[in-house]
Amino acid sequence: MAARFVRGNAVRIEADITDSASGPVAATPIVITIFDPRGNAVVTEAAMTASAVTGTYFYNRQTVVTDLIGVWKVVVAATVGTPIGRQLGSFELFSAT
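First things first, this report covers the structure right here in the doc.

## Considerations on the overall build of the protein
If you tally the helices and strands in the protein, you get zero helices and eight strands. When the helices and strands of the protein are placed in sequence order, the string is β-β-β-β-β-β-β-β. Counting all 97 residues of the protein, 36% fall into the buried class. In the protein, once contacts between residues fewer than 6 apart in sequence are set aside, the share between residues at least 24 apart is 62%. Accessible surface, the protein: about 5800 Å² in total, of which carbon and sulfur atoms supply 54%.

This is the structure:
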């Protein structure tokens, strides 16, 4: 189930980047693309920020009350020398009223 957020609030998206042995990897670049419920890219390959924990990256997005209600798709792409893969996820926006 996708994490749920009320429109108008901040959404923090985190990604853990690991190697084939599930060890944390300091990758660069880590980029995120976010799609609204209609499939439109509203964030395209934005850089994610490294946290204090190796292999963990985050991206903050402030939603607005006019953002579409529904499930938003997230794609995170990581590179260590060559692209190492993509993580797919989602979150759901809903109205508090």
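## As for the pairing of strand E6 (residues 56–62)
Counting buried residues along E6, five of its seven residues qualify, which places the element largely inside the surrounding structure. Inspection of the sheet shows strand E2 (residues 10–16) paired to E6 by seven bridges, in the antiparallel sense. If you follow Val 11 over to E6, its bridge partner there is Arg 61. Relative to E6, strand E5 (residues 49–50) runs antiparallel, the two being bridged by two bridges.

## Considering the packing of aromatic side chains
If you walk through the whole model with that rule in mind, you get zero aromatic pairs. The ring of Phe 58 is capped by Arg 12, whose NZ or CZ atom sits 3.8 Å from the centre of that ring.

## Brief notes about the pattern of salt bridges
For the structure on display, the rule yields two salt bridges. Among the ionic pairs, Arg 12 bridges to Glu 14, the shortest N-O distance being 3.0 Å. Residue Asp 67 is joined to Arg 61 by a salt bridge in which the shortest nitrogen-to-oxygen separation is 3.1 Å. Each member of the pair, Asp 67 as well as Arg 61, is classed as buried.

## Comments concerning the nonpolar core
Formed by 18 residues in total, the largest nonpolar core has its most connected members in Ile 17, Ile 30, Ile 32, Ile 34 and Met 48. Secondary-structure elements contributing two or more residues to this core are E2, strand E3 (30–35), strand E4 (41–47), E6 and strand E7 (70–80). Ranked by residue count, the leading element in this core is E7, at four residues. Ile 32 has contacts with Ile 13, Val 43, Thr 44, Glu 45, Ala 46, Met 48, Tyr 59, Val 74, Val 75 and Val 76, leaving out every residue within four places of it along the chain.

Criteria and cut-off values
Residues numbered from 1 in each chain as written. Predicted model: local features only at pLDDT ≥ 70, side-chain atom pairs only at ≥ 80, totals over all residues. Heavy atoms only, no water. Helix = DSSP H or I, 4+ residues; strand = E, 2+ residues; numbered from the N terminus. Buried < 20%, exposed > 50% of the residue type's maximum accessible area, 1.4 Å probe, protein only. Contact = heavy atoms within 4.5 Å. Areas by Shrake-Rupley, 256 points an atom, 1.4 Å probe, with all protein chains shown as cover. Pairing = 2+ DSSP bridges. Phe/Tyr/Trp six-rings, centres within 6.5 Å; stacked < 30°, edge-to-face > 60°. Lys NZ or Arg CZ within 6 Å of the ring centre and 35° of its normal. Salt bridge = Lys/Arg side-chain N within 4 Å of Asp/Glu carboxyl O. Core = buried A, V, L, I, M, F, W, Y, C linked by side-chain atoms within 4.5 Å.

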